[in-house]
Amino acid sequence: MSKIERAEVFVASPGRNFVTLRLTTSDGVTGLGDATLNGRELAVASYLRDHVVPLLVDRDPANIEDIWQYLYRGAYWRRGPVTMTAVAAVDTALWDIKGKVAGLPVYQLLGGRSRDGVLVYSHASGTDTASLLDDVARFRDLGYKAIRAQAAVPDAGASYGVRKGTVYEPAAHSLPDEQPWSTEAYLDFAPTYLEAVRDRFGFGFHLLHDVHHRLTPIEAARFGKRVEDCRLFWMEDPTPAENQEAFRLIRQHTTTPVAVGETLSSIWDVQHLITEQLIDYVRTTVVHAGGITHLRRIFDLAALYQVRTGSHGATDLSPVTLAAAVHVDTAVPNFGIQEYMPHVAETMEVFRSEVRFEDGMLHAGDEPGLGVEYDEKAAERFPYEPRYLPVARRLDGSVHDW
Ligand code: EZ4
Ligand code: CO
């Protein structure tokens, strides 16, 4: 029997911080898992090093489901982003190993190919409507068939999703940047730039928008109704999802499709959203929702209710997660779309990935396993740097959801 012989946790900052787990078997096969939780990286690194690695050594790497159950149920304290990210890293690395042992790409282990490629959307943004329109034009020239549009709200400081220079990186400060927020200004302005995008470019591509948890249910209902003629592919995270019931109010007022899930970690967090058809797309990801094993379980539940997938794919999800996501997306019947922000060159010096972009789609490649390698020597040149996501405050100084 093959055994897990070694489990190493790497923390490095090639362009941004990433936590990476590498498992090595007694047969010398290695598997990679992403364990990055933006702004809380070291909590997951410690969870793995101090509490999971000692449990893995000498286990049979073939028993993915049993190891998943052991780490989830066996912890007693289950769920939550730190735990589920740690479990995800182990699970992802075990699927990578299983693929290499079988000599098959992971999508083959998940039932094989359901589609030729994985439709992606990327992020256009601007400091005003004119610069947003220029950016949308640029993404259309690059071949994207789906584009998310965000612009800075006048008088509301640094709005979510607006790129400075060539790279969007919200976790840019060693302590959280505090940014002002005005719901009134956003509700007045955001519909106008979405309309401007449709006026200028028409309807021959998918248009998306991320509200990023900033509205109450009735405000989100008003927003969704107001932008119906823009025929959005989705409005994302219109209101925080701790209370799944909140989405019923939004549904009662608008046909704008809803996507939720990037911050959610388990099937229980999305259970009512899915079974009561309160959303159209579920955005849980490999890294934050317990790995390929648990994500597949969520996606299969979603399929019963005609909810499609739309996995989170910002640059704080490492190339290991992106590759794993593309393998899952290639196989599942109810795939919807995949978020994709290309990683910077430093990141790709450390993670070599088979994933390729072509004509608005990502392709997984046919190397056994996930098709990603981690260059630990290259990673040594990029030591960890403390970085936090911003915090939003309303104009009266009170804390709002960022
Ligand atoms: O703010 O991944 O849809 N994408 C997003 C992301 C999240 C970051 C947080 O770490 O909302 O940009
Ligand atoms: Co989002």
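Residues numbered from 1 in each chain as written. Chains lettered and ligands numbered in written order. Predicted model: local features only at pLDDT ≥ 70, side-chain atom pairs only at ≥ 80, totals over all residues. Heavy atoms only, no water.

An unreviewed UniProt entry annotates the protein chain as Bifunctional D-altronate/D-mannonate dehydratase of Streptomyces minutiscleroticus.

## Things to note about the site of ligand 1
In the vicinity of ligand 1 lie 14 residues, with Y160, H212, E236, E262 and D316 positioned nearest. A distance of 2.8 Å separates an oxygen atom of ligand 1 from a polar side-chain atom of E236. H312 is positioned such that a nitrogen or oxygen atom in its side chain is 3.0 Å from an oxygen atom of ligand 1. Mapping ligand 1 onto the cavity grids shows that it belongs to the largest pocket. Residue composition of the shell around ligand 1, grouped by class: four nonpolar, three polar and seven charged. (Near = heavy atom within 4 Å. Polar contact = N/O pair within 3.5 Å; in protein donor to acceptor, adjacent residues only side chain to side chain. 1 Å grid on protein atoms, 1.4 Å probe; cavity = no way out; pocket = protein on both sides within 12 Å on 5 of 7 lines; lining within 4 Å. Sits in = over half its atoms within 2 Å of the grid points. Nonpolar A, V, L, I, M, F, W, Y, C, P; charged D, E, K, R; others polar.)

## A look at the coordination of the cobalt ion (ligand 2)
Ideal donor angles around a metal are set by the shape: a four-donor tetrahedron calls for 109.5 degrees, a six-donor octahedron for 90 or 180 degrees. For the cobalt ion (ligand 2), every protein donor is listed as D210 (OD), E236 (OE) and E262 (OE), and the spread of their distances is 1.9 to 2.2 Å. Donor residues for the cobalt ion (ligand 2) sit on one chain with the sequence pattern D-x25-E-x25-E. A residue pair is termed long-range when its members are at least 10 positions apart, and E236 in strand β8 (residues 234–236) and E262 in the loop between β9 (258–260) and α9 (267–275) qualify at 26 residues. This pair shows no difference in class: E236 is buried, exactly as E262 is. (Donors = N, O, S within 2.8 Å, 3.2 Å for Na, K, Ca; no water. Helix = DSSP H or I, 4+ residues; strand = E, 2+ residues; numbered from the N terminus. Buried < 20%, exposed > 50% of the residue type's maximum accessible area, 1.4 Å probe, protein only.)

## With respect to the sheet that holds strand β2 (residues 18–25)
Taken in spatial order, the three strands of this open sheet run β1-β2-β3, and their pairing is antiparallel. The sheet terminates laterally at β1 (4–12) and β3 (30–34), the two strands that pair on one side only. Strand-to-strand, the axes of this sheet are offset by a mean angle of 20°, without reference to chain direction. The sheet strands contacting helix α3 (residues 81–102) are β1, β2 and β3, and the helix crosses β3 at an angle near 150°. (Pairing = 2+ DSSP bridges. Axes fitted to C-alpha atoms, helices over the stretch in contact; angles between N-to-C directions. Contact = heavy atoms within 4.5 Å.)

## Some thoughts on the domain arrangement of the protein chain
The domain boundaries assigned to the protein chain delineate domain 1 (4–105) and domain 2 (109–367). On the side of domain 2, 35 residues touch domain 1, which itself brings 32 residues to the contact. Of the roughly 2600 Å² buried where domain 1 meets domain 2, counting both sides, 62% is carbon and sulfur surface. The largest per-residue losses of area from domain 1 upon contact with domain 2 belong to D34, W95 and P105, which jointly make up 24% of the total buried on that side. Taken together, domain 1 and domain 2 are joined by three salt bridges. Residue R297 is joined to E65 by a salt bridge in which the shortest nitrogen-to-oxygen separation is 3.1 Å. Those elements that place two or more of their residues in the side of domain 1 that touches domain 2 are β2, β3, α2 (64–73) and α3. The element best represented in the side of domain 1 that touches domain 2 is α3, accounting for 11 residues. (Domains from an automatic or database assignment. Buried area = accessible area lost by both parts, 1.4 Å probe. Salt bridge = Lys/Arg side-chain N within 4 Å of Asp/Glu carboxyl O.)

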